[in-house]
Amino acid sequence: MTAKILDGKAIAQELRESIRAEVDAQVAKGQNPPGLAVILVGEDPASQVYVRNKKIACEKAGFNDVSMVLPADTTEEQLLAEIDTLNARDDVHGIIVQLPVPDHIDPEKIIERIDPKKDVDGFHAYNMGRLATRMPGLAPCTPHGVMTMLEKTGIPLRGLDAVVVGASNIVGVPMALELLNARATVTVCHSATKDLAQKVSEADLVVVGVGIPNMVKGEWIKDGAIVVDVGINRLDDGTLCGDVEYDVAKEKASWITPVPGGVGPMTIATLMQNTLQAAYAQS
């Protein structure tokens, strides 16, 4: 058996086209387009790529781009002041501070300073709390993008045994909450988990987001399981790979995400979706 591909790139394109149609319709009625501010502190190369991709997506969606790049020696107080200014602007509906930030800045303090109504990354404790209590507002983009991809592909989740490998607040924890809300039975694995291979081998659905190339071996995947690989890693030879041993896993799984072209496009598209949702809520 060779797995079917969960084509996040194609699904994300459909979502972006739908968002653009909504924005064009609102602008035609005389309303202002959604405004998105992405703040980059410093010149981290990977972050520059992410910010550039978000800027392109913003333009394609018809949004007002209010992005800014601040020098690496920007103080925490200066960054907080910039966030306060954006929080007060009526033409800015979504705010992101690209992570990681320089070591002298506390990322948790920065996230908590963003108005929860404008927290389109979905990282604020308010939005995480709403997700945990089954009253989601602005949900974290990557997990919610995964859920949209599975839904659009017609994969039912109710009753599945799901294993989430990774327990970060960006992917693992909100992914587990999303799956619980979809009535899956969820196990979250992390660095202290005993016998990871056994737990993965029993799962109907495996979601992996740890940032370690090929950490989850293909032979661990149960026949017919669904595999969602959130990781994207650049190897020494310049090639990209995920956190799952793809070539082996695809021969056992029923569905699998490619890397690249799987989860990544869905994350950006969901960010646009969150920004549109935030603009509606603030209008």
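This one's a predicted model, so the numbers in the text were calculated from it and none came from an experiment. (Residues numbered from 1 in each chain as written. Predicted model: local features only at pLDDT ≥ 70, side-chain atom pairs only at ≥ 80, totals over all residues. Heavy atoms only, no water.)

Visitor: What exactly am I supposed to notice about the pattern of salt bridges here?
Guide: Side chains that differ in sign of charge can pair as their charged atoms come close. Here the structure, examined in full by the defined rule, presents seven salt bridges. In this structure, Lys 109 engages Glu 76 in a salt bridge whose closest nitrogen and oxygen atoms are separated by 3.0 Å. Residue Lys 109 is located in helix α4 (residues 107–113), and its partner Glu 76 is located in helix α3 (residues 76–88); the two are separated by 33 residues in the primary sequence. The buried category is assigned to Glu 76, whose relative accessible area is 10%. Linking Lys 222 and Asp 204 is a salt bridge whose minimum nitrogen-to-oxygen distance equals 2.6 Å. Taken together, the positions of Lys 222 in the loop between β8 (205–208) and β9 (226–229) and Asp 204 in the loop between α8 (196–201) and β8 put the pair 18 residues apart, joining distant regions of the chain. Of the residues examined, Lys 222 reaches a relative accessible area of 29% and is grouped as partly exposed. (Salt bridge = Lys/Arg side-chain N within 4 Å of Asp/Glu carboxyl O. Helix = DSSP H or I, 4+ residues; strand = E, 2+ residues; numbered from the N terminus. Buried < 20%, exposed > 50% of the residue type's maximum accessible area, 1.4 Å probe, protein only.)

Visitor: What's the story with the UniProt feature "binding site: NADP(+)" (unreviewed entry) in the protein chain in this structure? I'm lost.
Guide: What UniProt calls "binding site: NADP(+)" (unreviewed entry) maps, in this numbering, to Gly 166, Ala 167, Ser 168 and Ile 232. Considering only the residues just annotated, the largest pocket is lined by Ser 168 and Ile 232. Along the chain, Gly 166 falls in the loop between β6 (161–165) and α7 (172–181). According to the relative accessible area criterion, Gly 166 is buried, its value standing at 7%. Once residues within four sequence positions are removed from consideration, Gly 166 is found in contact with Gly 172, Val 188, Cys 189, Gly 209 and Val 210. Following the sequence through the fold, Ile 232 ends up in the loop between β9 and β10 (233–234). (UniProt positions renumbered as here; feature names shortened; annotations may be inferred. 1 Å grid on protein atoms, 1.4 Å probe; cavity = no way out; pocket = protein on both sides within 12 Å on 5 of 7 lines; lining within 4 Å. Contact = heavy atoms within 4.5 Å.)

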